[in-house]
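Structural features, examined
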Amino acid sequence: MSVEVPHDATVLQAARKLGIDLPAMCSLADHDPNTSCMCCLVRVDGSDSFVPSCATNVREGMQVESETREVHALRKTGIELLLADHAGDCHAPCQNTCPAKMDIPNMLRLVADGDYLAALATVKRDIALPAILGRVCPEVCEQACRRGQHDSPAAICKIKRFVADRDLESSDPYRPELSTDSGKRVAIVGAGPTGLTAAYHLRQCGHRCTLIDSAASAGGRLQSDFASELPADVLQAEVSAVLSLDVDCQWNQGLASAASLDVLLRDYDAVLLATGRGTPGPDVLLDVERTKSGLRVDAHTRMTSREGLFAAGNAVRPYKLVVQSVAEGKLAAECIDGWLRGALPPDRRHAYETRLARLTNQELCDFCDGAVPTPRVDGRLLSDGASEDAARSEAERCLECDCRALASCLLHHYASMYDCDAQHYRGEGRRFEGRLVGNRVTLEQGKCILCGICVQLAAETSDAAGLAVVHRGVDTRLAPPPGSTIDEALGSAASKCAEACPTGAIITAAGR
Ligand code: SF4
Ligand code: SF4
Ligand code: SF4
Ligand code: FES
């Protein structure tokens with residue numbers, strides 16, 4: 001590939017013009033290069049050595065090697081060295097533990113702010129049936145809640161139930177946006193939690209859905225196994241919310257024979273078997289391979305051995321928790337949507353993830369610094385007819401363990417792209433070092449990669465005291481000058497620094 005750029009352009013700028021995403025984390029446009037991350041390396045004109053593309057100017061006819069195995073290996077080493085000295089949680093422990101991976105800290109922030117509709121929309125991105133789960137889920141996420149290490153976990157499940165109930169009781173319950181009609185049709189056999197969830201997400205992708213069940217109504221095991229915890233009106237309301245997305249229904253109809261499956265596969269573009277424990281035997285699912293526990297599916301695509309036939313939930317293997325069935329339904333919907341669009345299945349390789357080790361008592365004290373001291377609200381106050389006051393004061397107990405910069409963090413982006421192993425050079429590793437909380441921004445030193453960008457920005461701002469680089473070697477840290485706060489150190493450059501910081505080390509109160 002060749003490219004024309006101004007004579008004073010850098011190799012990095014030329015690469016970007018070609019659409020090449022180089023792991024450049026310490027360079028700021030219109031500023032001198034810092035060359036501190038050393039991750040943007042390229043080889044020039046077949047030389048034995050490698051140079052940082054951000055600090056190398058182009059020359060007429062220059063040959064630059066960027067996307068070769070050798071260059072990539074070097075960049076990967078550079079990123080892994082940064083990770084070796086990085087301490088943070090990309091996702092909060094509660095979210096990592098939730099089988100549906102719901103964005104719990106964001107839901108709690110929105111409830112604490114009184115924005116219940118946005119909180120519900122956050123929940124419903126991952127959980128189609130939150131009022132039901134708010135009653136039948138054994139609160140698995142709360143077992144991992146960091147606040148539990150301090151006093152008692154945030155009442156995540158009850159707060160989810162609060163926003164879901166509030167919505168169901170409103171005159172205009174939440175309705176997700178549906179994409180324009182894709183022209184594709186999906187038959188979902190089984191209208192339990194997996195099938196209902198799959199229909200909820202597939203409708204949002206614009207695919208027509210038909211739910212087929214041998215029972216006279218939707219619900220599956222929610223009707224039979226949870227009669228004592230789950231009032232019929234709650235089940236009914238949340239099922240109706242799914243069906244109201246123009247989902248076609250065929251009740252009192254099972255998969256009775258191999259011929260009926262053939263008809264479905266002929267009449268629909270895809271078929272999902274979400275038949276739960278009552279999955280038909282080999283006499284009906286003739287060509288479908290099985291494992292000891294259920295139907296065999298490709299781990300990546302969720303397709304069975306028959307083209308266009310997918311399976312999920314208890315049809316594949318026993319899932320005791322309803323939240324696992326809900327997670328399965330969403331995953332199956334993503335796979336079917338990808339297949340119908342001719343796209344690759346969703347990439348579920350483990351995306352890069354930094355996690356803090358279990359906090360020591362001192363780290364926990366630092367982590368909880370500034371947290372509201374109130375004890376967990378009595379569960380009864382958060383059950384039927386919970387008050388806003390109770391829900392908000394419980395939500396305020398959240399320690400906000402997630403990294404607010406995740407969506408824009410370059411370190412996370414390139415660590416995923418280069419398939420990095422955070423442990424490769426880790427050794428003792430770095431621990432949580434507290435936060436310098438200012439009125440404008442917060443600095444979390446454990447997430448700083450010493451790129452130098454904020455130092456540059458503060459240095460050119462007249463009302464900023466500037467940042468100092470203190471200690472040496474592995475202990476090198478960035479800090480405000482002695483006696484100054486982080487606000488004073490960054491002055492009016494504070495929000496610019498947060499925006500330019502390549503990681504979540506500097507964030508504004510709004511999260512970036
Ligand atoms: S700064 Fe980036 S890599 Fe570090 S915890 Fe935040 S998102 Fe993850
Ligand atoms: S304190 Fe909040 S963000 Fe942290 S684990 Fe608990 S609920 Fe999640
Ligand atoms: S805090 Fe400053 S030096 Fe550290 S990563 Fe962010 S911008 Fe770079
Ligand atoms: S060394 Fe080039 S961007 Fe960091």
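Residues numbered from 1 in each chain as written. Chains lettered and ligands numbered in written order. Predicted model: local features only at pLDDT ≥ 70, side-chain atom pairs only at ≥ 80, totals over all residues. Heavy atoms only, no water.

Going by what an unreviewed UniProt entry lists, the protein is known as FAD-dependent oxidoreductase and is assigned to Aeoliella straminimaris.

**Describing the layout of surface pockets**
Put simply, the second largest pocket is a space of about 830 Å³. Counting residues per element, the ones that place at least two in the lining of the second largest pocket are helix 4 (104–112), helix 15 (361–367), strand 10 (441–443) and strand 13 (506–508). Element by element, the count of residues in the lining of the second largest pocket is highest for helix 4, at three residues. When residues are assigned to domains, the lining of the second largest pocket turns out to be shared by domain 2 (93–173 + 357–395) and domain 4 (429–508), each giving three or more. (1 Å grid on protein atoms, 1.4 Å probe; cavity = no way out; pocket = protein on both sides within 12 Å on 5 of 7 lines; lining within 4 Å. Points joined across faces, edges and corners; volume = space filled by probe spheres on them. Helix = DSSP H or I, 4+ residues; strand = E, 2+ residues; numbered from the N terminus. Domains from an automatic or database assignment.)

**Here we look at the pairing of strand 1 (residues 41–44)**
Across the two faces of strand 1 the burial is the same, with Leu41 and Arg43 and Val42 and Val44 all buried. A loop of six residues connects strand 1 with strand 2 (residues 51–52), the two strands running antiparallel in sequence, and Asp45 in this loop sits at a positive phi of about 50 degrees. (Buried < 20%, exposed > 50% of the residue type's maximum accessible area, 1.4 Å probe, protein only. Pairing = 2+ DSSP bridges.)

**What about the packing of helix 4 against helix 16 (residues 388–395)?**
Interaxial distance between helix 4 and helix 16 falls to 8 Å at its minimum, and their mutual angle equals 130 degrees. Comparing their axes, helix 16 and helix 4 come out oblique. As for the relative orientation of helix 4 and helix 16, their crossing is left-handed in sense. Every residue of helix 16 that contacts helix 4 at Leu108, Val111 and Ala112 is listed here: Ala391, Arg392 and Ala395. Across the contact of helix 4 with helix 16, the residue classes break down as five nonpolar, no polar and one charged. (Axes fitted to C-alpha atoms, helices over the stretch in contact; angles between N-to-C directions. Parallel < 35°, antiparallel > 145°, perpendicular 65-115°, else oblique. Left-handed = near helix turned anticlockwise from the far one by under 90°. Contact = heavy atoms within 4.5 Å. Nonpolar A, V, L, I, M, F, W, Y, C, P; charged D, E, K, R; others polar.)

**So, the pattern of salt bridges**
Evaluated as defined, the whole model comprises 32 salt bridges. In this structure, Lys447 engages Glu444 in a salt bridge whose closest nitrogen and oxygen atoms are separated by 3.5 Å. When its relative accessible area of 8% is taken as the criterion, Glu444 is described as buried. (Salt bridge = Lys/Arg side-chain N within 4 Å of Asp/Glu carboxyl O.)

**Quick look at the site of ligand 1**
In the region of ligand 1, the neighbouring residues are His86, Gly88, Asp89, Cys90, Cys403, Leu406, Cys409, Lys447, Thr503 and Gly504. Taken together, the residues that form the shell around ligand 1 break down as four nonpolar, four polar and two charged. (Near = heavy atom within 4 Å.)

**Topic: helix 2 (residues 69–84)**
An α-helical turn contains 3.6 residues, so any two residues separated by three or four positions project in the same direction. In this model, helix 2 (16 residues) spans 22 Å end to end at C-alpha, consistent with the 22 Å of a helix rising 1.5 Å per residue. All of the buried residues along helix 2 are Val71, Arg75, Gly78, Ile79, Glu80, Leu82, Leu83 and Ala84. (Expected span 1.5 Å × (residues − 1).)

**Re the sheet that holds strand 9 (residues 436–437)**
Taken together, the three strands give an open sheet; going across it, the order is 9-10-13, and neighbouring strands pair in antiparallel fashion. The open sheet is flanked by strand 9 and strand 13, the only strands paired with a single partner. Note that strand 9 and strand 10 share two bridges and pair antiparallel. When the sheet's bridge partners are listed, Leu436 is paired in strand 10 with Leu443.

**Digging into the side chain of Lys158**
Within the element layout of this structure, Lys158 appears in helix 9 (residues 156–169). With a relative accessible area of 18%, Lys158 lands in the buried category. The residues contacting Lys158, other than those within four sequence positions of it, are Glu139, Glu142, Gly379, Leu382 and Ser383.

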